[in-house]
Structures are given as structure tokens and as C-alpha cells.
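# Descriptive structure summary
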Amino acid sequence: MTQFYLQEDKLYVSVDCIILGFRDNDIHVLIINRKYEPLKGERSLMGGFVREKENLNDTVARVVSEYTGIDNVYMEQVGAYGDVKRDIGERVISIVYYALIDLQLFDERLEKRHNAEWVNINDVGKLILDHNLFLHDTLELLRRRTATRPIGFNLLPEKFTLPQLQSLYEAIYQRPLDKRNFRKKVAEMDILEKLDEKDKSSSKRGAYYYRFIKEKYDRLLKEGFYFSL
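Small disclaimer: the values here were computed from a predicted structure and weren't measured.

Assigned secondary structure in the chain consists of six helices and ten strands. The C-alpha extent of the chain, read off along each of the three principal axes, is 65 × 40 × 30 Å. Classification of the 229 residues of the chain by burial places 44% in the buried group. Looking at the chain alone, contacts between residues at least 24 apart form 65% of all its contacts between residues at least 6 apart. By element, 47% of the accessible surface of the chain is carried by carbon and sulfur atoms, the whole surface being about 13,700 Å². Each charge class in the chain can be summarised by its mean position, and for the 37 positive and 37 negative side chains these summaries are 5 Å apart.

What follows is the structure, encoded as C-alpha cells:
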């Protein structure tokens, strides 16, 4: 250990992860009941401390993988929260991220292991410390990002129907969307492939499955194309 910065205060740095999934036509967030002090038994978001030889993004990936069993998910930083009295345990600065996952890939065994549950974002209730603020800011950022980038596809399985896609965006924006206008904008984006397969679970006629063409989206993004839904 070097002798630099010995005169400076030592602080803790943590990451808190808002892990989001989509099911039953609504956005859900993974919540745990804490197994440790402080605030043991209270409802909380996922989190962990940054280790000495760990990059920040590696910490987030580790926490998300630990609680979901999924690697290489879409993640984005929401912001840094450093109010002096935000944590009753120690002086902790929290870097907040959100992660979007396909719930079909979620390892359900981890719910019991971590005393966790998926909760509709409209039914979250009181969380510890400033975690409700984290969730609020995350949803605001998600809506802004979704308006210009189709990041919502990270919440869907590999193949999906247009009604499922519209339900997802309605869940994100928390309002109904006009079906004709929505499908017109989706077509203009030209980043979906229609499959020769239908979902007939909700009607005899069924709805065609589609898949998101990420390679085409990445190419258009590099060319400066502006997406809007």
C-alpha cells in the first residue's frame, strides 16, 4: 500500500442495481428482504460494495449475475448518490445502475436463496434509505432512453409479437398507445424480422412472431440514425 492520500478521509463506495423484467404486461423490479444489518428484514434493491481490485462495471455485472444467474445484460448508470446521511451504517457513496433482463432466462432458484421477489413497479411501496429515489430516477431515465433507442428489446425474449412489444412500451410509459401509429413507427425503424411462426395462445388467428435485428440496429446507430417510438 502506498503512502499517498493518507491525510484524506476513507469512504465506502457501493453499487445499487435496479434489475427490471417484463411479465404480465407490466414492468417488474427485483426486491429483496435484507438478511443482514443494518435494516435487517427491510425491503431493498440489490447492491454490493466495490472491491479494491474491481472495476466499477465489473462490480455491477457481478451483482446482477449473483441475483439473476444471467451474464452480459444491458446495463446503464443512473447516477451517483452521496448525501452525507444517506446510509445509517457508514459514510457510503452509491453508484446506481439499472439492468434490463429477459425473465425467461432468470434462474428462479435465486429468489429463495436471496429472499427476493419480483414486484410490479406500481406496487413497490417503501424501500430502505433512498432506494425509492433510485427507482424513480431509473424509470424517468428509462422512459427518456426508450424514446430514442429501442433498449426495451432487452426486456423481451428472442421472439415476440407486436402486441407484446406494444404492451412493453405501454408499461414503460404508463399510458396506452395508439395501435396503428405504434406499428407505423415500428415499421419505419426497420429493425425487426417477421418470422414464419405464430403465437396462438390468445386467439385462433394468432399473431406473428418477430425478432430484433441487433446487427442492423448497431449499424444504423453508427450512421447517426435517430430512432423514435
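Attention now moves to a positive patch on the surface. Among the surface-exposed residues, Lys179, Arg183, Lys194, Lys198, Lys200 and Arg205 lie close enough to one another that they form a single positively charged patch. Elements with a minimum of two residues in the positive patch: α5 (179-189) and β9 (192-199). Locating Lys200 in the fold gives a position in the loop between β9 and β10 (207-212).

On the basis of which strands lie adjacent, the open sheet formed by three strands has the order β8-β10-β9 and antiparallel pairing. Looking at which strands have only one partner, the edges of the open sheet turn out to be β8 (159-161) and β9. When strand polarity is set aside, the average angle formed by the axes of neighbouring strands in this sheet is 40 degrees.

When you line up the elements, Ser167 lands in helix α4 (residues 162-173). Polar side-chain contacts of Ser167 include one of 3.4 Å to the side chain of Asn25.

Using the criterion set out here, one finds ten aromatic pairs in the structure. Between Phe4 and Tyr5, the aromatic rings sit 6.3 Å apart at their centres with planes inclined by 55 degrees, giving tilted as the arrangement. Accessibility classification places Phe4 together with Tyr5 in one group, the exposed group. A centroid spacing of 5.6 Å and a plane angle of 40 degrees characterise the contact between Phe153 and Phe160, whose relative ring orientation is tilted. One exposure class covers both Phe153 and Phe160, and it is buried. Taken together, Phe153, Phe160, Phe212 and Tyr217 form an aromatic cluster joined through their ring pairs. Sitting over the face of the ring of Tyr173, Arg175 holds its NZ or CZ atom 5.3 Å from the ring centroid. Looking at Lys194, its charged tip hangs above the ring of Tyr208, at a distance of 4.2 Å from the centre.

Extensive coverage of strand β1 (residues 12-23) is indicated by the burial of nine of its twelve residues. In this sheet, strand β6 (residues 92-100) lies alongside β1 in parallel orientation, the contact comprising nine bridges. Directly across from Cys17, in β6, lies its bridge partner Tyr97. In terms of strand pairing, β1 meets strand β4 (residues 46-49) through four bridges, oriented antiparallel. The residue bridging Val15 from the neighbouring strand is Gly48, located in β4.

This part takes up the environment of Phe160. Structurally, Phe160 is set in strand β8. With relative accessibility at 1%, the residue Phe160 sits in the buried group. With 34 residues separating them in the primary sequence, Phe160 and Lys194 have C-alpha atoms 9.7 Å apart. Residues in contact with Phe160, not counting those within four places in the same chain, are Phe153, Leu165, Leu192, Tyr208, Tyr209, Tyr210, Arg211 and Phe212.

This next bit is on the side chain of His28. When you line up the elements, His28 lands in strand β2 (residues 26-33). By relative accessible area, His28 is classed as buried at 7%. In terms of polar contacts, His28 uses its side chain to reach the backbone carbonyl oxygen of Asp26, at 3.2 Å.

How two helices sit against one another is set out by the angle between their axes and by the gap between those axes. Direction vectors running N to C along α4 and α5 enclose 105 degrees, while the axes themselves pass 11 Å from each other. With respect to α5, the axis of α4 lies roughly perpendicular. Between α4 and α5, the residues in contact are Leu162, Pro163, Leu165, Gln166 and Tyr169 and Lys179, Phe182, Arg183 and Val186, respectively.

Reading the values: rules and limits
Residues numbered from 1 in each chain as written. Predicted model: local features only at pLDDT ≥ 70, side-chain atom pairs only at ≥ 80, totals over all residues. Heavy atoms only, no water. Helix = DSSP H or I, 4+ residues; strand = E, 2+ residues; numbered from the N terminus. Buried < 20%, exposed > 50% of the residue type's maximum accessible area, 1.4 Å probe, protein only. Contact = heavy atoms within 4.5 Å. Areas by Shrake-Rupley, 256 points an atom, 1.4 Å probe, with all protein chains shown as cover. Lys, Arg positive; Asp, Glu negative; His and termini not counted. Charge placed at Lys NZ, Arg CZ, Asp CG, Glu CD. Patch = residues over 30% accessible without salt bridge, like charges linked within 9 Å, V, L, I, M, F, W, Y side chains within 5 Å. Salt bridge = Lys/Arg side-chain N within 4 Å of Asp/Glu carboxyl O. Pairing = 2+ DSSP bridges. Axes fitted to C-alpha atoms, helices over the stretch in contact; angles between N-to-C directions. Polar contact = N/O pair within 3.5 Å; in protein donor to acceptor, adjacent residues only side chain to side chain. Phe/Tyr/Trp six-rings, centres within 6.5 Å; stacked < 30°, edge-to-face > 60°. Lys NZ or Arg CZ within 6 Å of the ring centre and 35° of its normal. Parallel < 35°, antiparallel > 145°, perpendicular 65-115°, else oblique.

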